Amino acid sequence: QVQLVESGGGLVQPGGSLRLSCAASGFTFSMYTMKWYRQAPGKERELVATIPSAGAYTNYADSVKGRFTISRDNAKNTVYLQMNSLKPEDTAVYYCNVHTRDWWGQGTQVIVSS
């Protein structure tokens, strides 16, 4: 059974940092490209970052480029999203996803507010 469990969200002030984690199980993690998405209230789900199976050639949405870093540890079956210089507009529920699969975690809430 595929499981994706996100963690690390919370309330942070503008300019702060958070590190999200997504622990995967039930499939061969190291073979898949992984993605982070986010969905803000009243908005469509947005692709934030992508990392291929070997970890090179990452991609980011323009809105987070230079502030967020996606990484993965295939030995731990975990993908991360380091978020720095957070802005109120980064407030959303963040989800990890397996590329080409409709596999999603429950999400982790990030609130950026003073």
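Every value quoted in this text rests on a predicted model; they were computed, and no experiment measured them.

1. Concerning the sheet that holds strand β4 (residues 34-39)
In spatial order, the strands read β2-β10-β9-β4-β5-β6; together these 6 strands make up an open sheet with mixed pairing. A strand with exactly one partner marks an edge of an open sheet, and here the two such strands are β2 (10-12) and β6 (59-60). Bridge analysis of β2 against strand β10 (residues 108-112) gives 3 bridges, and the strand direction is parallel. For glycine 10, the partnering residue across the bridge sits in β10 and is valine 110.

2. Let's talk about the state of the cysteines
Applying the stated criterion across every chain, the model contains 1 disulfide. A sulfur-sulfur separation of 1.9 Å characterises the disulfide bridge that pairs cysteine 22 with cysteine 96. Taking the sign of the S-S torsion, 45 degrees for the link of cysteine 22 and cysteine 96, the bridge is right-handed. In this pair, cysteine 22 sits in strand β3 (residues 18-25) while cysteine 96 sits in strand β9 (residues 92-98), placing the two residues 74 residues apart along the sequence.

3. Points about the nonpolar core
Counting 29 residues, the largest nonpolar core has Trp36, Val79, Leu81, Met83 and Tyr94 as its most contacted members. Counting only elements with at least two residues in this core, the list comes to β3, β4, β5 (46-51), β7 (68-73), β8 (78-83), β9 and β10. Filtering out sequence-adjacent residues up to four positions away, valine 79 remains in contact with Leu20, Ser21, Cys22, Phe29, Met34, Trp36, Ile51, Ile70, Ser71, Arg72 and Cys96.

4. Notes on the packing of aromatic side chains
This model, assessed by the stated rule, comprises 6 aromatic pairs. With a centroid separation of 6.3 Å and an interplanar angle of 55 degrees, the aromatic rings of phenylalanine 27 and phenylalanine 29 are classed as tilted. Considered together, phenylalanine 27 and phenylalanine 29 belong to a single accessibility category, that of buried residues. Put simply, the rings of Phe27, Phe29, Tyr32 and Trp103 pair up and form one aromatic cluster. Positioned above the aromatic ring of tyrosine 80 is the side chain of arginine 19, whose terminal nitrogen or guanidinium carbon lies 3.9 Å from the ring centre. Sitting over the ring of tyrosine 95, arginine 45 keeps its end group 4.2 Å from the ring centre.

Reading the values: rules and limits
- Residues numbered from 1 in each chain as written.
- Predicted model: local features only at pLDDT ≥ 70, side-chain atom pairs only at ≥ 80, totals over all residues.
- Heavy atoms only, no water.
- Pairing = 2+ DSSP bridges.
- Helix = DSSP H or I, 4+ residues; strand = E, 2+ residues; numbered from the N terminus.
- Disulfide = S-S within 2.5 Å.
- Core = buried A, V, L, I, M, F, W, Y, C linked by side-chain atoms within 4.5 Å.
- Buried < 20%, exposed > 50% of the residue type's maximum accessible area, 1.4 Å probe, protein only.
- Contact = heavy atoms within 4.5 Å.
- Phe/Tyr/Trp six-rings, centres within 6.5 Å; stacked < 30°, edge-to-face > 60°.
- Lys NZ or Arg CZ within 6 Å of the ring centre and 35° of its normal.

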